[in-house]
Amino acid sequence: MKVALVTGSAGLIGSEAIEFFSKKFDLVVGIDNNTRQVLFGKEASVEWNIQRLQSEIPNYKHYSIDIRNYADVEKVFKEYGSSIDLVVHAAAQPSHDWAAKEPLTDFGINATGTLHLLELTRLNCEKAVFIFTSTNKVYGDTPNYLPLVELENRWEISQDHRFFAKGIDETMSIDNTKHSLFGASKVAADVLAQEYGKYFGMNVGIFRGGCLTGPKHSGTQLHGFLAYLMKCAITGEHYSVFGYKGKQVRDNIHSWDLVNMFWHFYQNPRQGEVYNAGGSRHSNCSMKEGIAICETIIGKKMNYSYVEDNRIGDHIWWISDVSKFKSHYPTWEYKYNLNDILTQIHASMSQRLRTVSH
Ligand SMILES: NC(=O)c1ccc[n+]([C@@H]2O[C@H](COP(=O)([O-])OP(=O)(O)OC[C@H]3O[C@@H](n4cnc5c(N)ncnc54)[C@H](O)[C@@H]3O)[C@@H](O)[C@H]2O)c1
């Protein structure tokens, strides 16, 4: 029997991974205790997704346990042992603004939690492929010191810079920069994951996400940019744009496209390899451009205002260069672009909001 184990299984990436791998593995085991609701409040609860996975996926087994509790997670690893052939570790405290509120909680989940998963994989199923969902915040605010130019609706990098054509690659330093507490706990986890690959020789892939998004995001102000933007667009709730004239640029990758990267990596794994993983030049927008697309989709103006102060550690311009991944896995391609993503978020969010209000 082949088992895929996914942490954060009710979150955006985790639940996409569960659906995807339920068709490829005999059993998909998910760990998620809805910490998302504890972190961000009731509107961010993933309970709806836990119930959906349990009712829709027959070969899904859910464990409502905390990845900070080594003994509890160990029981799950012991239950399946070497049948575990893939671990997708997507449980996290994912917000860089939130991390400063409780650095110990943030580090406990993001860094120590990741070490638990890596060590339990080494001890119980060392041949398994381990996927770690890292973040572009490991580069701290270094991207903000690139030569940026202001255009009418977005910041853009100078055309003569080597990152102009394809975006920022993995050669950017992760050292000596302002990461935010979140970025620091993710760096710890990212480097630990690399070490389990390079030192212990395990099959470990580290995917440094840009904006990961899709219709299953439980978007909230502190996390889930496009999902929360669309939610405000639909409900008329007020949306605040923080700093940089609303021209800050993010690249957005659909959760399915990211999980499909994991699948390619799983079939031909490497040891401790890092990849930037985002929408790249294929799918990106500034805050202003994102608002304009939402307004077109819903057919009315959004209720938003501008706040001069930017978020600490926020990127002004981030486009991931995914060509390293493409060079290792040439058959991988994007399935969704920005318009597809927002249209899908609109459809699923409208339906979820209708269900909640009834
Ligand atoms: N969404 C993004 O824009 C983005 C960008 C870059 C990187 N990432 C990374 O990708 C990964 C997945 O992000 P996401 O958007 O799916 O986040 P998410 O918040 O939607 O999902 C994370 C899930 O983990 C669960 N969880 C958190 N702490 C837990 C704990 N201690 N024990 C058990 N479960 C716990 C939460 O309840 C939640 O369902 C994270 O590592 C995140 O840092 C996300």
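Residues numbered from 1 in each chain as written. Predicted model: local features only at pLDDT ≥ 70, side-chain atom pairs only at ≥ 80, totals over all residues. Heavy atoms only, no water.

Another point: the pattern of salt bridges. Taken as a whole and judged by the stated rule, the model has 21 salt bridges. When the shortest N-O distance is used, the salt bridge between aspartate 72 and lysine 75 registers 3.7 Å. Taken as a pair, aspartate 72 and lysine 75 lie in helix H4 (residues 70–80) at a separation of 3 residues, close to a single helical turn. Aspartate 72 sits in the partly exposed class, given a relative accessible area of 25%. (Salt bridge = Lys/Arg side-chain N within 4 Å of Asp/Glu carboxyl O. Helix = DSSP H or I, 4+ residues; strand = E, 2+ residues; numbered from the N terminus. Buried < 20%, exposed > 50% of the residue type's maximum accessible area, 1.4 Å probe, protein only.)

Now for the packing of aromatic side chains. Aromatic ring pairs: the centre-centre distance and the angle between the two ring planes describe each pair. Per the counting criterion, the structure on display carries 24 aromatic pairs. Taking the centre distance of 5.9 Å and the plane angle of 80 degrees together, the rings of phenylalanine 21 and phenylalanine 25 count as edge-to-face. Of the residues examined, phenylalanine 25 reaches a relative accessible area of 5% and is grouped as buried. Between the aromatic rings of phenylalanine 265 and tyrosine 275, the centroid separation amounts to 6.2 Å while the plane-to-plane angle is 75 degrees, which identifies the pairing as edge-to-face. On the criterion of sequence distance, the pair formed by phenylalanine 265 in helix H9 (residues 255–267) and tyrosine 275 in strand S12 (residues 271–277) is long-range, its members being 10 residues apart. Judged by its relative accessible area of 0%, phenylalanine 265 is buried. Through a chain of ring-to-ring contacts, the aromatic side chains of Phe207, Phe262, Phe265, Tyr275, Phe325, Tyr329, Trp332 and Tyr334 assemble into a single cluster. (Phe/Tyr/Trp six-rings, centres within 6.5 Å; stacked < 30°, edge-to-face > 60°.)

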